[in-house]
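What follows is the residue order along each chain.
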Amino acid sequence: MLLTVVNPNTSWEMTTVISSAATAVAGPGTTIRAVSPAMGPASIESHYDEALAVPGLLAEIAAGEALGSDGYVIACFGDPGLQAAREAARGPVLGIAEAAMHAASFLGRGFSVVTTLPRTRGRAWDLAEHYGMRRFCLGVHACDIPVLELDSDPYAIKTVTDICRAALRRDGSDAIVLGCAGMSAWCAQIGADIGAPVVDGVSAAVLAVQSLVTMGLRTGDREEFAAPPPKRYSGPLRDFGMA
Ligand code: 2AL
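Small disclaimer: the values here were computed from a predicted structure and weren't measured.

## Some words on the overall build of the chain
Okay, so step 1: Looking only at helices and strands, the chain has 9 helices and 8 strands in total.
Okay, so step 2: Computed over C-alpha atoms, the radius of gyration of the chain comes to 17 Å, within 12% of the 18 Å expected from 2.2 N^0.38 for 243 residues, which places it in the range of a compact globule.
Okay, so step 3: Considering only contacts within the chain whose residues lie at least 6 apart along the sequence, 70% involve residues at least 24 apart.
Okay, so step 4: Each charge sign in the chain was given a centre, from 18 positive and 25 negative side chains, and these centres are 5 Å apart.

In structure tokens:
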């Protein structure tokens, strides 16, 4: 099967990290196509970034549809454009926050999310509420490192590890959910260091989508998630109207 993993920001270095995490868990019959859009923000850490990342993300979903992709992962912890992508794709689409929170809910009574900037905490709480995961989400903590510095700051993994350890203690949680796709490569190391389960959303989402495709399951398209009605789109969005 062909799975498209979209990093909805335009940082190719981060797409490489995401591609490695996805490929490491994919089954032998699964090909991972990791992409990032040609247009949009370099990183996503505000509601504004998130809104403007969505057109580029949807262009990548359209490209995946043309290539016959069987399923999709949106590899940003805000799960931008998730419902729109579900309308546009034939196969199942999962966001990494959605997949990570559900996976973590299997691992104990509650989890803590460790995200990037403090301003992204609200979105994580909103998503926990939206997904029915509020009961399991015991805390959301920020490491205060901008997304693109996760890769360039040699001390970032130590800072994130320390916050994960403190979050477990403060929240009384059983597991950690990493709140950024750019933290994927650190999952095993942080888990070993803090002695608790650490969930990376990229791996969780790839495996969940792979399972859905294997089961022959896709998004229901009887009403809300049917293809959007065709209409004229104008200006720079003129190519986005469904035919
Ligand atoms: C993210 C993420 O996963 N990708 C990105 O650009 N921003 N998440 C975050 N909490 O900042």
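Additional details are given in the paragraphs that follow.
## Let's talk about the pattern of salt bridges
Okay, so step 1: This structure, assessed with the given rule, holds 7 salt bridges.
Okay, so step 2: With a closest N to O distance of 3.6 Å, Arg90 and Glu65 form a salt bridge. Highlighted residues: Arg90 in the loop between helix H3 (82-88) and strand E4 (93-95) and Glu65 in helix H2 (residues 47-67), separated in sequence by 25 residues.
Okay, so step 3: Salt-bridge contacts for Asp221 lead to Arg218; the nearest nitrogen and oxygen are separated by 3.4 Å.
Okay, so step 4: Among the ionic contacts, a cluster of salt bridges with common partners joins Lys158, Asp162 and Arg165.

## What to know about the site of the ligand
Okay, so step 1: What surrounds the ligand is a group of 13 residues, the closest being Asn9, Ile44, Thr116, Gly179 and Ala181.
Okay, so step 2: The separation between an oxygen atom of the ligand and a polar main-chain atom of Phe77 is 3.0 Å.
Okay, so step 3: Contact distances for the ligand include 2.7 Å between an oxygen atom and a side-chain N or O atom of Thr116.
Okay, so step 4: Here the ligand loses 97% of its free accessible area of 300 Å² to cover by the protein chains.
Okay, so step 5: More than half of the atoms belonging to the ligand lie within 2 Å of the grid points that define the second largest pocket.
Okay, so step 6: For the shell around the ligand, the per-class residue count stands at 7 nonpolar, 6 polar and no charged.
Okay, so step 7: If you count residues domain by domain, the shell around the ligand takes at least three from each of domain 1 (2-95 + 203-240) and domain 2 (97-200).

## A look at the layout of surface pockets
Okay, so step 1: What the largest pocket holds in volume is close to 410 Å³.
Okay, so step 2: Around the largest pocket, the lining is made up of 18 residues, and of these Leu58, Ala88, Pro228, Phe240 and Met242 lie nearest the centre.
Okay, so step 3: Those elements giving two or more residues to the lining of the largest pocket turn out to be H2 and H3.
Okay, so step 4: It is H2 that provides the largest number of residues to the lining of the largest pocket, a total of 6 residues.
Okay, so step 5: Of the residues that constitute the lining of the largest pocket, the class distribution is 13 nonpolar, 1 polar and 4 charged.
Okay, so step 6: Of the volumes computed, that of the second largest pocket is approximately 260 Å³.
Okay, so step 7: In terms of lining residues, the second largest pocket is bounded by 21 residues, among which Ile44, Glu45, Glu50, Gly78 and Thr120 are the most central.
Okay, so step 8: Listing elements by their share of the lining of the second largest pocket, those giving two or more residues are H2 and helix H5 (121-130).
Okay, so step 9: No other element matches H5, which puts 3 residues into the lining of the second largest pocket.

## Considerations on the side chain of Ser173
Okay, so step 1: Inspection of the secondary structure puts Ser173 in the loop between helix H7 (156-171) and strand E7 (175-178).
Okay, so step 2: On the basis of relative accessible area, Ser173 is assigned to the buried category, the value being 10%.
Okay, so step 3: Within the structure, the side chain of Ser173 is placed 2.6 Å from the side chain of Ser112, a separation counted as a polar contact.

## Focus on the packing of helix H1 (residues 12-25) against helix H9 (residues 201-214)
Okay, so step 1: For the pair H1 and H9, interaxial distance at closest approach is 9 Å and the crossing angle is 45°. With respect to H9, the element H1 is oriented oblique. Crossing geometry of H1 relative to H9 is assigned as right-handed. Contact with H1, carried on its side by Ile18, Ala21, Ala22 and Val25, involves Val202, Ser203, Val206 and Leu207 of H9 and no other residues of that element.
Okay, so step 2: Across the contact of H1 with H9, the residue classes tally to 7 nonpolar, 1 polar and no charged.

## Remarks on the packing of H7 against helix H8 (residues 187-194)
Okay, so step 1: Direction vectors running N to C along H7 and H8 enclose 50°, while the axes themselves pass 10 Å from each other. For the element pair H7 / H8, the angle class is oblique. Between H7 and H8 lies a crossing of right-handed hand. Contact residues: Ile157, Val160, Thr161, Cys164, Arg165 and Leu168 in H7; Gln189, Ile190, Asp193 and Ile194 in H8.

About the cut-offs
Residues numbered from 1 in each chain as written. Predicted model: local features only at pLDDT ≥ 70, side-chain atom pairs only at ≥ 80, totals over all residues. Heavy atoms only, no water. Helix = DSSP H or I, 4+ residues; strand = E, 2+ residues; numbered from the N terminus. Rg over C-alpha atoms; globule rule 2.2 N^0.38 Å. Contact = heavy atoms within 4.5 Å. Lys, Arg positive; Asp, Glu negative; His and termini not counted. Charge placed at Lys NZ, Arg CZ, Asp CG, Glu CD. Salt bridge = Lys/Arg side-chain N within 4 Å of Asp/Glu carboxyl O. Near = heavy atom within 4 Å. Polar contact = N/O pair within 3.5 Å; in protein donor to acceptor, adjacent residues only side chain to side chain. Areas by Shrake-Rupley, 256 points an atom, 1.4 Å probe, with all protein chains shown as cover. 1 Å grid on protein atoms, 1.4 Å probe; cavity = no way out; pocket = protein on both sides within 12 Å on 5 of 7 lines; lining within 4 Å. Sits in = over half its atoms within 2 Å of the grid points. Nonpolar A, V, L, I, M, F, W, Y, C, P; charged D, E, K, R; others polar. Domains from an automatic or database assignment. Points joined across faces, edges and corners; volume = space filled by probe spheres on them. Buried < 20%, exposed > 50% of the residue type's maximum accessible area, 1.4 Å probe, protein only. Axes fitted to C-alpha atoms, helices over the stretch in contact; angles between N-to-C directions. Parallel < 35°, antiparallel > 145°, perpendicular 65-115°, else oblique. Left-handed = near helix turned anticlockwise from the far one by under 90°.

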